[in-house]
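Listed here are the chains, written in short residue letters.
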Amino acid sequence: LFLGAISAVFSQAFAATAPGIVMNATLLTILTAVVMLIIYRTNLIKVDGKFVRIMTIAIGAIALYYIVSMVLSLFGVNLTMLHNSGPLSIGISLVIIGVAAFSLLMDYEFIVRASESGAPKYMEWYGAFGLMVTLVWLYLEILKILAKFAGNRE
């Protein structure tokens, strides 16, 4: 429901400048997930301790960015250069999309390791939930960057 409502808002808001923004975001999310699965299955990127540490730091920094941005907006501070359609904003969005995409590798690794180690049946839900959260995050970030690109056309 939440995702559908957000998608409907974006679809209506960008109907004139970017028709099909929701479908494009959906297709890009699916394509990204498949490409990252291929990268994972072919071992082009090893998901080891160093990779997990780097990703944890990156995800923590992004979470801090989101929290600080929300808190500042409560006090009327507008970070327009980070949320508009400028090059800095688009660059930050691309970095966040990259981190979200590489987070899929950690989700795939968790699912494979849990399966190989004979983890209890309820652990399947943890793997599925983690994968779903990452896919929703990736979809929302792709939707936001497509909206920024549509904002540049105006």
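Rules of the game
- Residues numbered from 1 in each chain as written.
- Predicted model: local features only at pLDDT ≥ 70, side-chain atom pairs only at ≥ 80, totals over all residues.
- Heavy atoms only, no water.
- Axes fitted to C-alpha atoms, helices over the stretch in contact; angles between N-to-C directions.
- Helix = DSSP H or I, 4+ residues; strand = E, 2+ residues; numbered from the N terminus.
- Parallel < 35°, antiparallel > 145°, perpendicular 65-115°, else oblique.
- Left-handed = near helix turned anticlockwise from the far one by under 90°.
- Contact = heavy atoms within 4.5 Å.
- Nonpolar A, V, L, I, M, F, W, Y, C, P; charged D, E, K, R; others polar.
- Core = buried A, V, L, I, M, F, W, Y, C linked by side-chain atoms within 4.5 Å.
- Buried < 20%, exposed > 50% of the residue type's maximum accessible area, 1.4 Å probe, protein only.
- Patch = residues over 30% accessible without salt bridge, like charges linked within 9 Å, V, L, I, M, F, W, Y side chains within 5 Å.
- Areas by Shrake-Rupley, 256 points an atom, 1.4 Å probe, with all protein chains shown as cover.
- Salt bridge = Lys/Arg side-chain N within 4 Å of Asp/Glu carboxyl O.

Looking at the packing of helix α2 (residues 21-41) against helix α5 (residues 87-116)
Direction vectors running N to C along α2 and α5 enclose 55°, while the axes themselves pass 9 Å from each other. When the axis of α2 is compared with that of α5, the two are oblique. α2 and α5 meet at a crossing whose hand is right-handed. Every residue of α5 that contacts α2 at Thr32, Ala33, Met36, Leu37, Ile39 and Tyr40 is listed here: Ala101, Phe102, Leu104, Leu105, Tyr108, Glu109 and Val112. Each residue belonging to the contact of α2 with α5 can be placed in one class, and the counts come to eleven nonpolar, one polar and one charged.

Focus on the nonpolar core
Where a protein is soluble and globular, its nonpolar side chains tend to be buried together. Core analysis: the largest hydrophobic core is formed by 34 residues, its most contacted members being Phe14, Ile21, Met36, Leu105, Tyr108 and Leu143. Looking at this core, the elements with two or more residues in it are α2, α3 (49-74), α5 and α6 (123-153). Residue contacts for Tyr108: discarding those within four places in its chain leaves Ala33, Met36, Leu37, Tyr40 and Leu131.

Concerning a nonpolar patch on the surface
Taken together, the side chains of Ile67, Met70, Val71, Leu74, Phe75 and Val77 make up a nonpolar region of the molecular surface, amounting to roughly 640 Å² of accessible area. The exposure class of Val77 is partly exposed, given its relative accessible area of 37%.

As for the pattern of salt bridges
Any two side chains of opposite charge can pair, given that their charged atoms come close. Applying the stated rule across the entire model yields three salt bridges. Its salt-bridge partner being Glu109, residue Arg113 comes within 2.5 Å of it at the nearest N-O pair. Of this pair, Arg113 and Glu109 both sit in helix α5, four residues apart, which is roughly one turn of the helix. Across the pair Lys144 and Glu141 runs a salt bridge whose closest N-O atoms are separated by 3.4 Å. Taken together, the residues Lys144 and Glu141, both in helix α6 and three residues apart, mark about one turn of the helix. When its relative accessible area of 32% is taken as the criterion, Lys144 is described as partly exposed.

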